[in-house]
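What follows is each chain in one-letter form.
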Amino acid sequence: MARDGFDVIIVGGGVMGCSTAFYLANSDSGLKVAVIERDPTYERASTTLSLANARVQFSLKENIQISQYTFEVLERFENEMAVDEDKLSISYRREGNLFLTDDGGRQAALKALNLQKSLGCLVEWWTPEKIKQAYPLYEVKDLKGGTFGPQDGYFDAYGVLMGYKAKARSLGTQFITDEVVAVKTAGNRVAGVALADGGYLTAAVVVNCAGAWASQVAQTAGVKLPVQPVKRQVFVLDTKVKPEGVLPLTILPSGLYFRTETGGLILVGKSLYDDPVGFDFSWDDKRFREILWPELAEFVPAFDTLRLARGWAGLYAVNTLDGNAILGEWPELKGFYLANGFSGHGLQQAPAVGRYLSELILDRSLSLDLSVFGPERVLENRPLSEEGLV
Ligand SMILES: Cc1cc2nc3c(=O)[nH]c(=O)nc-3n(C[C@H](O)[C@H](O)[C@H](O)COP(=O)(O)OP(=O)(O)OC[C@H]3O[C@@H](n4cnc5c(N)ncnc54)[C@H](O)[C@@H]3O)c2cc1C
């Protein structure tokens, strides 16, 4: 690889950029890697605005395998990412995910459950009676059951981001605060990046880890990606009736989800079909009051009295082709690698994605073959299905 400039430039220093940098630097100590991030406070990065849930409850084999690796990584993360004496905490809580099913979704849920079990995942089928017994506040009359993954859970996304960043830096990665205004090409290869401060950095490999801004970055190299920024809102509730113990991340057939948060609070959200497309971070209570609250109170009648404490809005990088990640080298531009379009489940995929991209870039054998997410499918307009559980 070229030694002038950098070997690899990563655009975007969110969890994907930092994980990829870590795996690259950890695999080849001689490699010159730069991560370019325009906002090191990460105020608008999806990573820090995420709910940070990790689950094996997917219906596509590779998404399940990705999360199995995530579970392994999260268990040892605090020790593995320690730099000298500095060890951070990621508050990893495996409190479970409960996907509820009505008549329409039962078959798909059972199919996914069988696949998860065949891959060695701990996931159980719960009857409505069992759900009611475990969580007496829930109104189960319209349910056919649900799948419960006791090992699913959540963690501190900022902690994971900082862990990857600190470790990558300790292994020699350079972190540069600037904005990439263009990915430069020479013929059908990438040549480097142009920066907002007027600088120019060369590299034979450029990795697009720009999250919800991925299409903009790709466009500068003439690459058109089916990735859109879509606003998603989260609401933090102080309910009058407090559940006894924790509630797992509970996902209703409609897509409404909620779980307990520390401090006796409840987090709730739902992806709505008309959530605005664009770089909109405004937050308001209208959707909560008009749509989410009535739906929540129907399922948990005890939650009909509450105070809306606060909330926030962040962006999903939605892959409009199929809602799955786009990973690998763009077939028409040598050296231009993509880690884009995670559509709301990317945080948990960062360990496997970082490792996969590093193996592709360094031409190493693959620990987990993720070629099913290859960008060829974008050019061929060939969606990859993930039944009902995205
Ligand atoms: C409300 C919400 C809830 C979520 N819940 C979950 C969940 O429970 N589980 C889960 O797995 N995922 C979840 N996600 C999705 C997850 O957060 C993302 O998939 C993941 O964080 C994507 O990481 P990233 O590094 O690709 O993007 P980001 O974290 O957005 O990082 C991209 C970075 O690129 C930088 N950048 C962009 N353009 C440029 C440029 N031109 N030059 C320099 N820097 C640039 C940005 O400043 C940004 O910091 C959620 C997302 C949201 C919004």
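All values derive from a computational prediction rather than experimental measurement.

A. Quick peek at the packing of helix α3 (residues 61-80) against helix α6 (residues 157-170). Between α3 and α6, whose axes approach to 10 Å, the crossing angle comes to 50°. Classified by the angle between their axes, α3 and α6 sit oblique to one another. Of the two possible hands of crossing, α3 and α6 adopt the one that is left-handed. Every residue of α6 that contacts α3 at Val73, Leu74, Phe77 and Glu80 is listed here: Gly159, Val160, Gly163, Tyr164 and Lys167.

B. Molecular detail of the packing of aromatic side chains. Under the counting rule described, the total for this entry stands at 16 aromatic pairs. Centroid distance Phe77 to Tyr164: 5.0 Å. Interplanar angle 85°. Geometry classified as edge-to-face. Remark: Tyr164 occurs in helix α6 and Phe77 occurs in helix α3; sequence separation between them is 87 residues. Judged by relative accessible area, which is 1%, Tyr164 ranks as buried.

C. Region of the structure containing the pairing of strand β18 (residues 336-340). Most of β18 sits out of view: five of its five residues are buried. Alternating residues of β18 divide into Phe336, Leu338 and Asn340 and Tyr337 and Ala339, and every residue in both groups is buried. Across three bridges, strand β11 (residues 200-208) lies against β18 in parallel orientation. Note that in β18 the partner of Asn208 across the bridge is Leu338. Where strand β17 (residues 326-329) and β18 come together, four bridges link them in antiparallel fashion. The residue bridging Glu329 from the neighbouring strand is Tyr337, located in β18.

D. Seen up close, the site of the ligand. The immediate surroundings of the ligand are formed by 34 residues, with Glu37, Ser46, Thr47, Asn53 and Gln348 found nearest. At a separation of 3.3 Å, an oxygen atom of the ligand approaches a polar backbone atom of His345. Gln348 places a main-chain nitrogen or oxygen 2.8 Å from an oxygen atom of the ligand. Going through the elements one at a time, α1 (15-27), β2 (33-37), α2 (46-49) and β16 (306-319) are the ones with two or more residues in the shell around the ligand.

E. Quick peek at the sheet that holds strand β12 (residues 227-239). Ordered in space as β5-β6-β4-β13-β14-β15-β12-β16, the eight strands form an open sheet in which the pairing is mixed. Unpaired on one side and paired on the other, β5 (124-126) and β16 mark the two borders of the sheet. Adjacent strand axes in the sheet meet at a mean angle of 20° when their direction is disregarded. Bridge count between strand β4 (residues 97-101) and strand β6 (residues 145-149): five bridges; the pairing is antiparallel. If you follow Phe99 over to β6, its bridge partner there is Thr147.

About the thresholds
Residues numbered from 1 in each chain as written. Predicted model: local features only at pLDDT ≥ 70, side-chain atom pairs only at ≥ 80, totals over all residues. Heavy atoms only, no water. Axes fitted to C-alpha atoms, helices over the stretch in contact; angles between N-to-C directions. Helix = DSSP H or I, 4+ residues; strand = E, 2+ residues; numbered from the N terminus. Parallel < 35°, antiparallel > 145°, perpendicular 65-115°, else oblique. Left-handed = near helix turned anticlockwise from the far one by under 90°. Contact = heavy atoms within 4.5 Å. Phe/Tyr/Trp six-rings, centres within 6.5 Å; stacked < 30°, edge-to-face > 60°. Buried < 20%, exposed > 50% of the residue type's maximum accessible area, 1.4 Å probe, protein only. Pairing = 2+ DSSP bridges. Near = heavy atom within 4 Å. Polar contact = N/O pair within 3.5 Å; in protein donor to acceptor, adjacent residues only side chain to side chain.

Remember, this is a structural readout, not a statement about activity or role.
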